[in-house]
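Letter by letter, the chains look like this.
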Amino acid sequence: MSDTALTTGGVVYRPATAVMAASNLARILRAWNCDSYEAFHAKTCSHVAAFWDWTLRDLGVAFEIPYTAVMVAGRRPEIPVWCNGGTMNITVSCLDRWRETATWHTPAAIYESESGEVVTLSYAELTGRVDAAAATLVAGGLRPGDVVGLFTAMNLDCVIAFLAIMRAGAIVLPLFSGYGAAAIAQRLADSGAVALVVSPSVVRRGKTLDMMGVATEAVAAVGGVRLISCREFDSGGGSFAPHIGPADRPTMLIYTSGTTGKPKGAVHTHCGFPVKAAADMVQCMDVRKGDVVWWMTDIGWMMGPWLIFGTLIAGAAMVLYDGSPDAALAVTPPHERIWHTAARHGVTLMGVSPTLVRSLMKSPVPAVKLPALRAFASTGEPWTPSSWQWLFHNVGESMRPVFNYSGGTEISGGIVCGHPLSVLRPCAFSGPMPGMDAVILDEAGQQVKCGKVGELVLRQPWIGMTRGFWKDEGDQRYLDAYWRHFAGLWCHGDFASTDADGLWYIWGRSDDTIKVAGKRLGPAEVESVLTGHSAVAEAAAIGVPDEIKGQALVCLVVVKLGYEMDEALRAELSQRVVSELGKPLAPKAVKFVTDLPKTRNGKVMRRVARAAYLGEAIGELSALENPGSLAAVAAAL
């Protein structure tokens, strides 16, 4: 892979001494008798079980029967058992543990509709609503261990149903709110779901979308699945005894789409995903009791469950908004809607995607101030330096860090992240998170030097790791996906590098790698070069067959309004890539397109773009948000 163009500028953020001293991480370092983050991280990796035992206690995770060992051997070395011997229901740690504390009557969830309606539930009110919903589900025949699909927008109905399903001892299957009937039916059938909980409708861009109609069609295609409207749940309070069982039993399935094959159902447990989510939020993102967290996401992506678990275990509040980010209110210009919403609710940590930021860059710089905000965060796709700096300087006033965060559904959160004790360069990560023993290896399995690019690998287990894939006989699909690239090591499938300051960078999926005459090229490198041009809004780099080089580089470029898509710009962009990456990596073609295929949380689907460009079979498309982009890419031919 090319090792050029990996720098993203100088250090632009240095945390103030007072900010560092007040952080959760400073408190944690003192508890571990460490004088630096590097020393602390090394200790957490050399004492993995002790670290997660300490984290469980520090987070206040509640057990009915305490575990006898935090980690023991499981059915195979790659899938250990966590919190062995312990019993629990994770909703107790989210809700009940706050009874008789000051947190009980503070906000747990703040919902704002696209039209501006705001509803807030305290921890006490949310618990009552969850209990009532759980009682309704059980009265309707739901049993512990049943799988229940959840097809809702990111609103209060979603949070209540999500927690109620788990409180009843069932397994929740979150589904992307933009799925069509076929995608929902496929996941219901594969999981063996007995029910589907649905929001009847959702309003986006002023239009009412009929979610119940989509759900009805999906259930009819599967058969044997009970359809439950969120409107069946009692809006008042209730009482319900949470179902208690083994701590490491399944509580959630999240289906992920790979480049080939059918979607995989990652299995997560009561003591797994929720604990990792809360640990990441508290330890690196510095979320504290009473904070307000808004992450623009969907319940069908891992960041939806992550937001719910993390905020509630931390004693914070979540903001829920299920409308368009640029939906106007009478007093709010469209491009300022999200910033006004953040200011209105006193958001302290705000999660945004690079794609959203690039779209907002087209509008005037927002005049809104965010006095409560301490940091931004982002995950899902690589930044470009220009979009990172626009957010940091224009909205963050050059004083709020952007906590870059990267991991995945099977991780239950992050491998690398920013944190309050670290300097930052644009697009950089501070480094591996506590307890995450991450290294970067070359193809021969040797650790790469600073500035070189290699595979992101984990050498030790962590509490949030998926317990395998649903209905994966002998765990073969799971082992093939993560454990067989490097024997005995988890290969995550991302390219990464470090710099001289110890900062880390993620360069995109290694399965998106382009090989030009044997030279490995990461798409994010090319895309970063292209979007650095003032005329470029978005870009995707793909590899296409070439008789001589094996593969050649093709650049798909979305041009900003006001710029001409002409041969002069095409030549200028091609030369820009040559200047930054070298003549051997010159693009075979630069093609202008009006749109790129993306998921709803903003990830560019490069395999889909490549297939559309080449006229090949597209494959699994349930995660695609904008089907019209396929024609836009095909038209580039």
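See the structure printed just above.
Residues numbered from 1 in each chain as written. Predicted model: local features only at pLDDT ≥ 70, side-chain atom pairs only at ≥ 80, totals over all residues. Heavy atoms only, no water.

1. Brief notes about the overall build of the chain
- When helices and strands are tallied, the chain shows 19 helices and 30 strands.
- Across its three principal directions, the C-alpha atoms of the chain cover 70 × 55 × 55 Å.
- Taking contacts inside the chain between residues at least 6 apart in sequence as the whole, the part at least 24 apart equals 70%.
- Summing over all exposed atoms, the chain offers an accessible surface of approximately 22,700 Å²; the carbon and sulfur share of this is 54%.
- Here the chain contributes 56 positive and 59 negative side-chain charges, whose respective centroids are spaced 2 Å apart. (Helix = DSSP H or I, 4+ residues; strand = E, 2+ residues; numbered from the N terminus. Contact = heavy atoms within 4.5 Å. Areas by Shrake-Rupley, 256 points an atom, 1.4 Å probe, with all protein chains shown as cover. Lys, Arg positive; Asp, Glu negative; His and termini not counted. Charge placed at Lys NZ, Arg CZ, Asp CG, Glu CD.)

2. Quick look at the pattern of salt bridges
- Tallied over the full model, the rule gives 28 salt bridges.
- Note that aspartate 146 is salt-bridged to arginine 143, the shortest N-O span being 4.0 Å.
- For arginine 143, a relative accessible area of 56% puts it in the exposed group.
- Ionic pairing is found between aspartate 280 and lysine 276, a salt bridge with its closest N-O pair at 2.9 Å. (Salt bridge = Lys/Arg side-chain N within 4 Å of Asp/Glu carboxyl O. Buried < 20%, exposed > 50% of the residue type's maximum accessible area, 1.4 Å probe, protein only.)

3. Considering the packing of aromatic side chains
- This structure, assessed with the given rule, holds 27 aromatic pairs.
- With a centroid separation of 5.3 Å and 85 degrees between ring planes, the pair formed by phenylalanine 176 and tyrosine 179 is classed as edge-to-face. Per residue, the accessibility class of phenylalanine 176 equals that of tyrosine 179, and both read buried.
- With 5.8 Å between their ring centres and 90 degrees between their planes, tryptophan 483 and tryptophan 490 make a pair best called edge-to-face. Neither tryptophan 483 nor tryptophan 490 differs from the other in exposure class; each is buried.
- Aromatic rings pair up to connect Trp32, Tyr37, Phe40, Phe51, Trp52 and Trp54 into one cluster. (Phe/Tyr/Trp six-rings, centres within 6.5 Å; stacked < 30°, edge-to-face > 60°.)

4. Details of helix α8 (residues 181-191)
- In terms of burial, α8 is a largely internal element, eight of the eleven residues being buried.
- Among the structural elements, β6 (147-151), β7 (171-174), β8 (195-198), α9 (211-222) and β13 (250-256) are those in contact with the buried residues of α8.
- In the segment just after α8, glycine 192 is the residue with positive phi, at about 70 degrees.

5. Some points on the packing of helix α16 (residues 523-531) against helix α17 (residues 567-581)
- Closest axis-to-axis distance for the α16/α17 pair is 9 Å, and the angle between their directions is 125 degrees. Taken together, the axis directions place α16 and α17 in an arrangement best described as oblique. Our pair here, α16 against α17, has a crossing hand that is right-handed. Residues Glu525, Val526, Val529 and Leu530 of α16 form the contact with α17, whose participating residues are Leu573, Arg576, Val577, Glu580 and Leu581.
- Class assignment for the residues of the contact of α16 with α17 results in six nonpolar, no polar and three charged. (Axes fitted to C-alpha atoms, helices over the stretch in contact; angles between N-to-C directions. Parallel < 35°, antiparallel > 145°, perpendicular 65-115°, else oblique. Left-handed = near helix turned anticlockwise from the far one by under 90°. Nonpolar A, V, L, I, M, F, W, Y, C, P; charged D, E, K, R; others polar.)

Everything listed here is a matter of geometry and, on its own, says nothing about what the molecule does.
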